[in-house]
Every structure is written in structure tokens, then in C-alpha cells.
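As a plain string of letters, each chain reads:
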Amino acid sequence: MNHSEWLLIGGMALVTFGIRYPVLAMSGRLRLPPRLLQALNYVPPAVLTAIVIPAIFVESGDLWFGWQNPRLVGAIAALAIGLWRQNLLLTIVVGMSAFLLWQLLLS
Amino acid sequence: MAIAADAHLKTSPWREFWAGARQTIPLIVGAIPFGIIFGTLAQTSGLSMPGAAAMSACVFAGSSQFIALGLLATGSPIGIIVLTTWVVNLRHLLYAVGLVPYLQNLGQGWKAALAFWLTDETFMVAIQRYQQPDPSPYKHWFQLGSALAMYINWQLCTWLGLTLGQTLPNAANWGLDFAMVATFIGMTIPYLKTRPMVATVVVAGITALLARSLPHQLGIMVAAIAGILVGVLVETTHKPEASHS
């Protein structure tokens with residue numbers, strides 16, 4: 001590892017920990033307002049959806065809604081099996097299989 | 001999908017720890033391809049083998065590590081990569097605030113450790129455990145178990161990608177990173193039970209598409225906050241529906 005790699009990794013580690021830690025470090029003295037506590041309930045689904053939807057539909061900057069999109073097919077399969085069986089591992093395996101199969105069929 | 005369904009049986013620190021690790025297994029399955037691809041891509045992006053291993057060990061934030069590789073490959077300056085890392089990981093601020101009510105009485109050692117090992121996956125599993133009504137005083141051990149399981153898996157997968165990467169050409173182009181999408185869909189489904197949560201998901205999704213051209217994946221933050229605000233708004237204006245479920 002050279003000097004610039006150390007600088008890069010050190011910088012990335014520092015800013016990442018600098019996001020994750022300070023609020024918790026000060027949390028002993030923090031009293032969150034009720035409205036903020038209410039809002040925090042929505043953090044998990046909001047962040048997950050904000051990551052997932054572009055990952056499904058955006059292909060090099062453009063939207064891809066067609067049935068040829070293997071990510072869309074995999075996502076629909078994952079959503080269907082997940083709603084039906086309520087099993088996380090099964091959701092991942094079926095979604096991934098549908099994606100790979102569709103990709104293979106269309107290639 | 002009750003990720004932490006049987007956790008209320010656990011009362012000792014180690015039982016919580018192992019329950020946390022066990023409940024994280026499905027998410028680990030989803031993260032494995034992601035870690036291997038990171039290791040595989042590192043070599044073609046100009047990062048040395050020890051550099052890639054050190055990045056996984058010290059930064060431990062998958063999506064920002066991927067973006068760093070992409071920027072390295074295009075010859076971006078270190079300052080830009082670090083700044084981008086900051087923006088991409090800003091969502092962890094929402095997680096940290098979300099954990100405040102549950103971690104505020106712990107010592108600084110615990111807070112620092114759980115902060116360092118905070119990821120999307122561990123937050124999602126841990127927050128479900130914290131919200132269960134049983135009075136276990138060791139729920140932070142559950143989070144630690146989940147965090148360490150994710151961490152060890154990430155290091156192993158990075159190493160696998162670094163070593164296997166040479167024997168599997170184009171492994172990064174197979175689309176195996178879709179496993180993360182499937183995992184995140186599975187983690188979202190349990191929330192789709194109330195009208196405000198569904199509103200959150202719809203608005204966050206549409207906003208993420210509209211904001212896709214914002215730099216450094218800033219759209220994720222914008223979309224998440226839009227979704228959260230609409231969720232609160234719908235909950236406040238439709239109290240009856242929200243309280244039924």
C-alpha cells in the first residue's frame with residue numbers, strides 16, 4: 001500500500017465514522033422531540049426504497065420500465081414471494097433466481 | 001417478515017448476541033455476492049490487494065466502497081472520493097438518530113463500537129429487536145451480534161473476491177449485485193402494513209427516480225426524507241387507519 005492509498009482509506013474511514021458516531025456520542029444529553037421520534041419510524045422503509053427503486057429502473061442514467069429488464073422481473077418475483085410467504089431468505093433466493101434466469105433467457 | 005421473531009426468548013447477553021447473529025443470516029446471504037464483487041473489482045480499479053482489504057476493514061460501508069472504486073478507476077482525486085463517501089453514507093445519520101433512544105444510556109465504548117459497525121442491514125434487524133416490548137436489558141448485545149456477523153462476512157467476502165477474482169473473469173458483470181436489491185425488497189415488505197408506510201414507500205420510490213441525476217447519489221437522501229415527511233403527514237391526517245395496525 002502506498003501513501004495515497006492510506007490517505008484515501010483513512011479519509012473514507014474518518015468521514016464514515018464521523019457520520020455514524022457523533023449523534024450517539026452526544027445521545028446521553030439528547031431529548032428527541034416526539035415528532036422526530038414519530039418520523040424515525042419511517043426511516044427504514046424510506047431509505048431502503050430510495051436505494052432499491054433506482055437500482056431496479058435506472059440503467060446508465062435512463063429509465064427502463066420494459067419487461068426485458070431482468071432487474072424488474074427479479075424485483076417483481078421477490079415482492080410477490082415476499083408478500084405471500086413473509087420469509088426473507090426465500091425472498092432473496094427467489095428474487096435472485098428469477099433475475100438470473102431472465103438474464104440468461106434474454107442473453 | 002418477522003426478522004427478530006423468536007428473540008423475546010433470549011435474556012442473557014450471549015443469547016442476545018447469538019440471536020442477533022442468527023437473525024442476520026438472510027441478510028448475509030444477500031451481502032455475499034456484493035462483497036465478492038467488491039474484491040473482484042478492486043483489482044481492476046487500481047486499488048492494491050492490501051488496500052482493498054484495509055478499505056473493507058476500516059471503512060466498512062459497502063455502497064461507498066463500490067463508488068470509491070468507480071471513482072478511482074476514472075482517476076478522481078482523493079478529496080473528491082472522500083467527499084462522495086461522506087454524501088453516500090449520510091443516510092447513516094438517520095440510523096444513528098434512530099438508535100439514540102435505545103443506546104443513549106450505554107457507555108462510550110459501546111456507542112463507538114456499535115457506531116463503527118452500523119450498516120443498513122444491522123440497523124434494520126436491530127431496530128426491530130429494540131421495538132419489541134419485552135424488557136430485556138441486553139438488546140444492544142443483539143445489535144452487536146448482528147454487526148459482528150456482517151463485519152466478519154464482509155471481510156471474508158472481500159478476501160474471496162480478491163483471490164477468486166483472477167480465476168473468474170467478468171464476475172462483476174454477471175449482475176450478482178442484484179442480491180442486494182432482493183435483500184432490501186425483503187427488508188421493506190414487513191413495513192407495508194399501514195397506509196402511512198405505503199405512502200412513504202411510494203413517495204420515496206418516485207422521488208428517487210425523479211432525483212436520480214443529482215450528483216453523488218444525493219437523490220437517496222432527498223427521496224428518503226420526502227418519503228419520511230409524507231409518512232408522518234399521512235399518519236397525522238389519517239389517525240384511525242394508522243392506529244388499527
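Predicted model, so just to flag it, every value in this text is computed and none were measured.

Analysis parameters
- Residues numbered from 1 in each chain as written.
- Chains lettered and ligands numbered in written order.
- Predicted model: local features only at pLDDT ≥ 70, side-chain atom pairs only at ≥ 80, totals over all residues.
- Heavy atoms only, no water.
- Helix = DSSP H or I, 4+ residues; strand = E, 2+ residues; numbered from the N terminus.
- Buried < 20%, exposed > 50% of the residue type's maximum accessible area, 1.4 Å probe, protein only.
- Contact = heavy atoms within 4.5 Å.
- Buried area = accessible area lost by both parts, 1.4 Å probe.
- Salt bridge = Lys/Arg side-chain N within 4 Å of Asp/Glu carboxyl O.
- Polar contact = N/O pair within 3.5 Å; in protein donor to acceptor, adjacent residues only side chain to side chain.
- 1 Å grid on protein atoms, 1.4 Å probe; cavity = no way out; pocket = protein on both sides within 12 Å on 5 of 7 lines; lining within 4 Å.
- Points joined across faces, edges and corners; volume = space filled by probe spheres on them.
- Nonpolar A, V, L, I, M, F, W, Y, C, P; charged D, E, K, R; others polar.
- Phe/Tyr/Trp six-rings, centres within 6.5 Å; stacked < 30°, edge-to-face > 60°.
- Lys NZ or Arg CZ within 6 Å of the ring centre and 35° of its normal.
- pLDDT = per-residue confidence, 0-100.
- Expected span 1.5 Å × (residues − 1).

Caption draft 1: View of the environment of B:P101. Looking at where B:P101 falls in the secondary structure, it is placed in helix α6 (residues 91-103). A relative accessible area of 33% places B:P101 in the partly exposed class. Residues B:P101 and B:A61 lie 40 residues apart in sequence; the distance between their C-alpha atoms is 24 Å. Those residues in contact with B:P101 that lie beyond four places of it in its chain are A:L32 and A:L37.

Caption draft 2: Structural view of the interface of chain A and chain B. Each side of the interface is counted separately: chain A has 68 residues, and chain B has 88 residues. Approximately 6700 Å² of surface area, both sides summed, lies buried where chain A meets chain B, with 78% of it carried by carbon and sulfur atoms. Together, A:I19, A:R20 and A:Y42 form the three largest contributors to the area buried by chain A at its contact with chain B, with a combined 12%. Taken together, chain A and chain B are joined by 0 salt bridges. On inspection of chain A and its partner chain B, the count reaches 14 residue pairs in polar contact (both at pLDDT 80 or more). Secondary-structure elements contributing two or more residues to the side of chain A that touches chain B are α1 (3-20), α2 (22-25), α3 (34-40), α4 (43-57), α5 (70-85) and α6 (88-106) of chain A.

Caption draft 3: Quick look at the pattern of salt bridges. Residues and elements named next belong to chain B. The final tally for this structure, using the stated rule, is 4 salt bridges over all chains. Where R129 meets D134, a salt bridge forms, and the shortest distance between an N and an O atom there is 2.9 Å. Overall, the relative accessible area of 17% leaves D134 in the buried class. A salt bridge links K139 to D134, with the nearest nitrogen and oxygen atoms 3.9 Å apart. Across this residue pair, the class does not change: K139 and D134 are buried.

Caption draft 4: Region of the structure containing the side chain of B:H92. Tracing the backbone through its elements, the reader meets B:H92 in helix α6. A relative accessible area of 1% places B:H92 in the buried class. Residues within four places of B:H92 in sequence aside, it is in contact with A:I19, A:R20, B:L118, B:T119 and B:D120.

Caption draft 5: Just empty space enclosed by the protein, in detail. Going through the model one piece at a time under the given rule, you end up with 2 cavities of 30 Å³ or more. The computed volume of the largest cavity comes to approximately 40 Å³. Along its surface, the largest cavity is lined by B:V87, B:V88, B:R91, B:Q217, B:I220 and B:M221. Grouping the constituent residues of the lining of the largest cavity by class yields 4 nonpolar, 1 polar and 1 charged. Every residue along the wall of the second largest cavity is listed here: A:A13, A:T16, A:F17, A:R20, B:C58, B:V59 and B:F116. Ranked by residue count, the leading element in the lining of the second largest cavity is α1(A), at 4 residues. In terms of residue class, the lining of the second largest cavity is built from 5 nonpolar, 1 polar and 1 charged.

Caption draft 6: Inspection of the packing of aromatic side chains at higher detail. For the coordinates displayed, the defined rule picks out 19 aromatic pairs over all chains. Measuring from ring centre to ring centre gives 5.3 Å for B:F17 and B:W18, while their planes differ by 90°; the resulting arrangement is edge-to-face. For B:F17, a relative accessible area of 10% translates into the label buried. With relative accessibility at 53%, the residue B:W18 sits in the exposed group. An aromatic cluster is built from A:F17, A:Y21, B:F60, B:F116, B:W117 and B:Y151, whose rings are joined through pairwise contacts. Cation over ring: A:R85 sits above A:W84, and NZ or CZ is 5.2 Å from the ring centre.

Caption draft 7: The confidence of the model for chain B, seen in detail. Residues and elements named next belong to chain B. Looking at chain B, the pLDDT average stands at 89 and 92% of residues meet or exceed 70. The secondary structure element of chain B with the lowest average pLDDT is helix α13 (residues 239-244), at 52, and the one with the highest is helix α7 (residues 108-116), at 98. Under a pLDDT of 50 for its full length, residues 241-245 has, in the predicted model, 5 contacts with residues more than four places off or in other chains. Both confidence scores are given for the complex: pTM 0.85, ipTM 0.91.

Caption draft 8: The arrangement of helix α11 (residues 195-210) of chain B in detail. Along its 16 residues, α11(B) runs 23 Å from first to last C-alpha, staying within 8% of the 22 Å computed at 1.5 Å per residue. Among all positions in α11(B), only B:P196, B:M197, B:A199, B:T200, B:V201, B:A204, B:G205, B:T207, B:A208 and B:L209 are buried.

Caption draft 9: Summary view of the layout of surface pockets. Space inside the largest pocket adds up to approximately 1200 Å³. Taken together, 41 residues form the lining of the largest pocket, with A:A55, B:S63, B:I67, B:M180 and B:Q217 sitting closest to its centre. Considering only residue class, the lining of the largest pocket consists of 25 nonpolar, 8 polar and 8 charged.

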